[in-house]
Amino acid sequence: MDQQEAEFVDRMGLVMERFGGTRTMGRVYAWLMICDPVHQSLTDLAAQLDVSKTAISTVARQLEGTGMIERVPTSSREHRYQVAGGGWAHVMGVQLAGVRSSLEALDFGLSVVGESRLEQRARLEETREFFAFVERDAGEFLQRWQDYREKSGDEDQSGK
């Protein structure tokens, strides 16, 4: 890995931290986006990123569980990974499911807080309204993204 690649990998580590992951997750994902060959073993990843193989294995399982990377079939027992298509959209879909459960919890909170507790009820209602807005817009956003990807794939294949 050259110096600029290392800087990109480190920057993506910071990005992943901002999204609630770990720096190592971001670094693994970044390296898998730019590495050659496009699939890497746990040993390869550990060596390139100067992280223990145990830590890489843990992070790889987490990233695989979120749909961001996938294991590549090999003829050996060695686990090899590559970036999965649609990984970020999948993560957003998982987050959207969390928004839905937040709405259920807020609905329950509203049923617990009586009509006479105006301040508490107002906070719950505002929060519920926010999550309802996010759910609606995020669903539309993900659909627009899918439509965009399908359209741009058609254009790529037609040479436009």
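Relevant structure appears above.
Model, not experiment: these values are computed from the prediction.

Criteria and thresholds
- Residues numbered from 1 in each chain as written.
- Predicted model: local features only at pLDDT ≥ 70, side-chain atom pairs only at ≥ 80, totals over all residues.
- Heavy atoms only, no water.
- Axes fitted to C-alpha atoms, helices over the stretch in contact; angles between N-to-C directions.
- Helix = DSSP H or I, 4+ residues; strand = E, 2+ residues; numbered from the N terminus.
- Parallel < 35°, antiparallel > 145°, perpendicular 65-115°, else oblique.
- Left-handed = near helix turned anticlockwise from the far one by under 90°.
- Contact = heavy atoms within 4.5 Å.
- Nonpolar A, V, L, I, M, F, W, Y, C, P; charged D, E, K, R; others polar.
- Salt bridge = Lys/Arg side-chain N within 4 Å of Asp/Glu carboxyl O.
- Buried < 20%, exposed > 50% of the residue type's maximum accessible area, 1.4 Å probe, protein only.
- Expected span 1.5 Å × (residues − 1).
- Core = buried A, V, L, I, M, F, W, Y, C linked by side-chain atoms within 4.5 Å.

Q: Kindly report on the packing of helix H1 (residues 3-18) against helix H2 (residues 23-34), identifying the contributing residues and their values.
A: Running from N to C, H1 and H2 cross one another at 135°; their axes reach a closest spacing of 7 Å. Classified by the angle between their axes, H1 and H2 sit oblique to one another. The chirality of how H1 crosses H2 is right-handed. Residues Glu5, Phe8, Val9, Asp10, Met12, Gly13, Leu14, Met16 and Glu17 of H1 form the contact with H2, whose participating residues are Arg23, Met25, Gly26, Arg27, Tyr29, Ala30, Trp31, Met33 and Ile34. Tallied by class, the residues present in the contact of H1 with H2 amount to 11 nonpolar, 2 polar and 5 charged.

Q: Break down the pattern of salt bridges for me, citing the residues and quoting the values.
A: Following the criterion strictly, the structure yields 10 salt bridges and no others. As a salt-bridge pair, Arg80 and Glu78 come within 3.0 Å of each other at their nearest N and O atoms. Look at Arg80 and you get buried, because its relative accessible area is 14%. Classification of Glu78 by relative accessible area gives partly exposed; the value is 38%. One network of salt bridges, in which partners are shared, links Asp44, Glu78 and Arg80.

Q: Break down helix H5 (residues 87-112) for me, with residues and values.
A: Here H5 spans 38 Å end to end across 26 residues, near enough to the 38 Å set by a 1.5 Å rise per residue. The set of residues buried in H5 consists of Gly87, Val91, Leu96, Val99, Leu103, Leu106, Gly109 and Leu110.

Q: Any chance you could break down the nonpolar core for me, citing the residues and the numbers?
A: Grouped together as the largest cluster of nonpolar side chains are 23 residues, with contacts concentrated most on Val28, Leu32, Leu49, Ile56, Leu63 and Ile69. Secondary structure elements with two or more residues in this core: H1, H2, helix H3 (42-49) and helix H4 (53-65). Among the elements that make up this core, the one with the highest residue count is H2 (6 residues). If near-sequence neighbours (up to four positions away) are discounted, Ile56 is found in contact with Thr24, Val28, Leu42, Leu45, Ala46, Leu49 and Val51.

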